[in-house]
Amino acid sequence: MESKSETSQKTLINFGVLTVSDRCYRKELEDKSGAKLKELIGNCIFFPGKVVVDTCVPDEIDQIQSVLQQWAGGLSVGSVDVIITTGGTGFAPRDVTPEATRAVIEKEAPGLSLAMLKSSLDITPLAMLSRAVCGIRGSTIIINMPGSTKAVTECLHSISAALPHAVDLVRGSLAEVEDTHQAMQVAPPGPAQAGEQKASEKPSSPSDPPVPPARRFLQRKESSVDDTRVAHRDRHSPYPLLSVDEALGIVLRESDSHVATLVNYKDALGYVLAKDVFAKDSLPPFPASIKDGYAVVSADGAGTRKVLGHSTAGSRPNLCEVIPGYCVRVNTGAPVPKGADAVVEVEQTVLLKEADEGRTELEVDILKAPVTSQDIRPVGFDITAGEKVLAAGTLVGPSEVGLLATVGRTTVKVYKKPIIGVLSTGNELVEPDQPVPRGRIRDSNRCMLIAALTTHGFHVIDAGVVKDTPDSILRALHDVLAKADIVVASGGVSMGEKDLLKQVLNVDLQAKIHFGRVFMKPGKPTTFATLNMDSGKKLFFGLPGNPVSAIVTCNLYVVPAARKLACHSQPLNTIVRAKLGFDSDLDSRPEYHRVLVTWQRDEDLPTVQSTGEQASSRLLSTRSANGLLLLPARSDEVKSVGAGTVVECMLIDRL
């Protein structure tokens, strides 16, 4: 079996990076975009690669052409598979990189240009001003990119899924090309997987096992991430630092896949209705008594009545007919006999005559004259036949389950809840029931996250503990992605040499990483990515490995995303105003302080008390916590908040 280094060497792509800029050439500006490309390629952020040559030239067509021809011809620098130019693609008079490139290439590659443009337009409308040209000269692919670090990162990511295959094609690497083509020949998902369940199909149960999705395009058995070059790892994160609001907005925007299914009404609790529910028939379906008493003819007024019989709940209506001078004893909810137009409650009557030792009433005295329709619910008083009783978008609770039973709708269309897979990463982790060798710790994150998500009514898969190796991570992700709609991993997303999750997502799974850092405490390394599979979009959350960071970010991002996928109209956690019960110094980052929220009957606002020391590794700080205090970042004007200050608090459990 080949070693990781042998495999990486085989698939390594040789790059040339050409910066086109008058000012960088004159050393008036630092070449940041070229440096960013070398960093991304050298650290194998998107695919195994190395930069074999780089230079900077001014915005002159002849100089750009000369370098492209030299590198693409293999002169003096060896084999260059891909040349990336950065700069000179805009509308300015000196922007001539596309013209120089078009004069050099032998074949155009408009798909690469289109992929970069489409990806950039999703981020900024100004991307339409880029005139990038892509093509092939000999066995070298030439790609134009804009001249900013942000743009080259986005553009390189957008073509990373196809570029290794393009290099194999240009190289004439027949074995690799054939492997890729075979991986693409996967049957598309059937109708039941791809969309909505037909109304005639058998309702599913929440406990039914999920249908295994089709394999993903370019699924790899072994990772292409090279984790041996420890000294070349990133020393600074390539991901911009987003605010919590920006990160949460991205998560909710991407949580847009909604699939409907049929379930039995008994299993509908916690689901959101995908279709309006209408009553089959009226309620009550007959005139029903509101009180225990006697059905009478109101025109008879007060006085003596002969008792014809009785009508109890469950009796067939109209077993007897009430005529003037007579009455029928009725119970609450019982059918009102034909002929009666009022009910007199038993408290307004006196028994005058009985028989069979009290077993039969013969005559009663009506003490107060009734009025027409007194204490009678007419047909359809509560619900009329055909009335819409529940609207699409309604979250089904206990009352809604009862209403579904009332109107006889035993099968309802709901939006599926996402299935969530949870795994922990780390060579140091052991199962809680196993002995703990020196240098190891028990895995608490996984069971904690599973419990938290289960509390919110979601089906959760335990994906186990994964070792910090690219192959182990890739195999685990392939396995859980085949079963889950959302994958939640804790650990492996920071800056350590064993934090490999982002690289595996980028290089092997060609995921789109939307963010990799958030300006918050705890939870700064929180990562969110999406993967487009044959079976639909998958969401991936990489949570920090510290237990407190993991549970805080789960509440902030994972729970709202799962609710949004389940079509909840209000996916976010409730935020209330509360009085601070302690003094607190502010941090340089916005902080989510774990607190106990209590509300006394005579208080206008709830009060929050700290759960103690707030270190991100101290799980004791989450004990009994039912809220996250939203503390702002420290400023020159405000460095602390005192007891009694009214602050915002996010509720994460019952008061």
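The structure under discussion appears in the preceding block.
Please read these numbers as outputs of a predicted model, since none were measured by experiment. (Residues numbered from 1 in each chain as written. Predicted model: local features only at pLDDT ≥ 70, side-chain atom pairs only at ≥ 80, totals over all residues. Heavy atoms only, no water.)

> Can you walk me through the pairing of strand 20 (residues 419-425) in this structure?
Within a regular strand, side chains alternate between the sheet's two faces. Of all the seven residues making up strand 20, seven are buried; the element is thus mostly covered by neighbouring parts of the structure. The alternating pattern of strand 20 places Ile 419, Gly 421, Leu 423 and Thr 425 and Ile 420, Val 422 and Ser 424 on opposite faces, both of which are buried. Pairing geometry for strand 20 and strand 23 (residues 459-466), over six bridges, is parallel. Bridging across to strand 23, Ile 419 finds its partner in His 459. In this structure, strand 20 lies alongside strand 24 (residues 486-490), joined through five bridges in parallel fashion. In the sheet register, Val 422 faces strand 24, and the bridge partner there is Val 488. (Buried < 20%, exposed > 50% of the residue type's maximum accessible area, 1.4 Å probe, protein only. Helix = DSSP H or I, 4+ residues; strand = E, 2+ residues; numbered from the N terminus. Pairing = 2+ DSSP bridges.)

> Before we go on, may I ask you to explain helix 4 (residues 61-72) in this structure?
When the terminal C-alpha atoms of helix 4 are compared, their 16 Å separation across 12 residues agrees well with the 16 Å that a helix rising 1.5 Å per residue should span. Of the positions making up helix 4, those classed as buried are Ile 64, Gln 65, Val 67, Leu 68, Trp 71 and Ala 72. Summarising the axial view, the buried residues of helix 4 lie within an arc of 165 degrees, below the 170-degree limit, and thus occupy one face. On its buried side, helix 4 packs onto strand 1 (13-20), strand 2 (49-57), strand 3 (82-86), helix 5 (97-104), strand 5 (134-137) and strand 6 (140-145). (Expected span 1.5 Å × (residues − 1). Arc of directions from axis to C-beta. Contact = heavy atoms within 4.5 Å.)

> What exactly am I supposed to notice about the packing of aromatic side chains here?
Given two aromatic rings, their pairing is described by the distance between the two centres and the angle made by the two planes. Tallying each qualifying case throughout the model produces three aromatic pairs. Summarising the aromatic geometry, the rings of Phe 515 and Phe 528 are spaced 5.8 Å apart at their centres and angled 35 degrees between planes, so their arrangement reads as tilted. Of this pair, Phe 515 sits in strand 25 (residues 512-515) while Phe 528 sits in strand 26 (residues 527-533), placing them 13 residues apart in sequence. There is no split in this pair, since Phe 515 and Phe 528 are both buried. Summarising the aromatic geometry, the rings of Phe 528 and Phe 541 are spaced 5.0 Å apart at their centres and angled 35 degrees between planes, so their arrangement reads as tilted. Here Phe 528 is found in strand 26, whereas its partner Phe 541 is found in strand 27 (residues 536-543), with 13 residues between them in sequence. Residue Phe 528 shares its accessibility class with Phe 541, and that shared class is buried. (Phe/Tyr/Trp six-rings, centres within 6.5 Å; stacked < 30°, edge-to-face > 60°.)

> What exactly am I supposed to notice about the packing of helix 13 (residues 445-455) against helix 16 (residues 547-565) here?
At a minimum axis separation of 10 Å, helix 13 and helix 16 run at an interaxial angle of 30 degrees. As judged from the angle between their axes, helix 13 and helix 16 are roughly parallel. Once helix 13 is placed against helix 16, the crossing between them reads as right-handed. Contacts between helix 13 and helix 16 pair Asn 445, Met 448, Leu 449, Ala 452 and Leu 453 from the former with Pro 547, Ala 550, Ile 551, Cys 554, Val 558 and Val 559 from the latter. A breakdown of the residues in the contact of helix 13 with helix 16 according to their chemical character gives 10 nonpolar, one polar and no charged. (Axes fitted to C-alpha atoms, helices over the stretch in contact; angles between N-to-C directions. Parallel < 35°, antiparallel > 145°, perpendicular 65-115°, else oblique. Left-handed = near helix turned anticlockwise from the far one by under 90°. Nonpolar A, V, L, I, M, F, W, Y, C, P; charged D, E, K, R; others polar.)

> I'm lost on the layout of surface pockets in this one. Help?
Picture a little ball the size of a water molecule; that probe, rolled over the atoms, points out where space is still empty. In this model, the largest pocket occupies a volume close to 1300 Å³. Around the largest pocket sit 42 residues that line it, and Ser 119, Ile 123, His 157, Lys 512 and Ile 513 are the ones nearest its centre. If you list the elements that add at least two residues to the lining of the largest pocket, you get helix 3 (32-42), helix 6 (110-121), helix 7 (149-159), helix 11 (244-254), strand 25 and strand 26. Top element by residues in the lining of the largest pocket is helix 7. It accounts for seven residues. In terms of residue class, the lining of the largest pocket is made up of 19 nonpolar, 12 polar and 11 charged. (1 Å grid on protein atoms, 1.4 Å probe; cavity = no way out; pocket = protein on both sides within 12 Å on 5 of 7 lines; lining within 4 Å. Points joined across faces, edges and corners; volume = space filled by probe spheres on them.)

> Quick question: what am I supposed to make of the sheet that holds strand 12 (residues 303-311) here?
Across a sheet, paired strands are connected by hydrogen bonds in the backbone, their directions being either parallel or antiparallel. Here six strands make up an open sheet; going across it, the order is 14-11-13-12-16-15 and the pairing mixed. Edge positions in the open sheet fall to strand 14 (342-345) and strand 15 (349-355), since each of these has one partner strand only. Within the sheet, the average angular offset between the axes of one strand and its neighbour, ignoring direction, is 35 degrees. Pairing of strand 15 with strand 16 (residues 360-366), which is carried by six bridges, proceeds in the antiparallel orientation. Residue pairing for strand 16: Leu 351 is matched across the bridge by Val 364.

> Any chance you could explain the packing of helix 6 against helix 7 here in plain terms?
If you want to describe how two helices pack, look at the angle between their axes and the distance between the axes. Contact geometry of helix 6 with helix 7 gives a least axis separation of 9 Å together with a crossing angle of 125 degrees. One way to sum up the angle between helix 6 and helix 7 is to call them oblique. Viewed along their axes, helix 6 and helix 7 form a crossing whose handedness is right-handed. Within the contact between the two elements, helix 6 uses Leu 112, Ala 115, Met 116, Ser 119 and Ser 120 and helix 7 uses Glu 154, Cys 155, Ser 158 and Ile 159. Each residue belonging to the contact of helix 6 with helix 7 can be placed in one class, and the counts come to five nonpolar, three polar and one charged.

> Help me understand the side chain of Ser 490, please; the structure alone is not making it clear to me.
Position of Ser 490 relative to the elements: it lies in strand 24. Looking at Ser 490, the relative accessible area reads 3%, which means it is buried. Within the structure, the side chain of Ser 490 is placed 3.4 Å from the side chain of Asn 445, a separation counted as a polar contact. Every residue in contact with Ser 490, bar those within four places of it in the chain, is listed here: Leu 423, Ser 424, Thr 425, Asn 445, Leu 449, Leu 543, Pro 544 and Gly 545. (Polar contact = N/O pair within 3.5 Å; in protein donor to acceptor, adjacent residues only side chain to side chain.)

> Help me understand the environment of Gly 536, please; the structure alone is not making it clear to me.
Mapped onto the elements, Gly 536 comes out in strand 27. By relative accessible area, Gly 536 is classed as partly exposed at 27%. On a C-alpha basis, the gap between Gly 536 and Asp 485 in space is 8.5 Å, while along the polypeptide they are 51 residues apart.

> Which parts of the structure should I look at to understand the nonpolar core?
One recurring pattern in soluble globular proteins is that nonpolar side chains are buried together. By size, the foremost hydrophobic cluster in this structure holds 42 residues, and its most contacted members are Phe 541, Leu 556 and Tyr 557. Those elements that provide at least two residues to this core are helix 11, strand 20, helix 13, strand 24, strand 27 and helix 16. Tallying contributions element by element places helix 16 first for this core, with 12 residues. If near-sequence neighbours (up to four positions away) are discounted, Tyr 557 is found in contact with Val 244, Ala 247, Leu 248, Val 251, Val 518, Met 520, Thr 526 and Phe 541. (Core = buried A, V, L, I, M, F, W, Y, C linked by side-chain atoms within 4.5 Å.)

> Would you take a moment to explain the sheet that holds strand 28 (residues 575-580) for this structure?
The strand order 28-31-30-32-34 describes a closed barrel built from five strands, whose pairing is mixed. Across the sheet, the mean angle from the axis of one strand to that of its neighbour is 55 degrees, orientation sign disregarded. In this structure, strand 30 (residues 591-598) lies alongside strand 31 (residues 607-610), joined through four bridges in antiparallel fashion. Opposite Leu 596, over in strand 31, you have Gln 609 as the bridge partner. Docked against the sheet, helix 16 engages strand 30, strand 32 (627-631) and strand 34 (646-651), running at close to 80 degrees with respect to strand 30.

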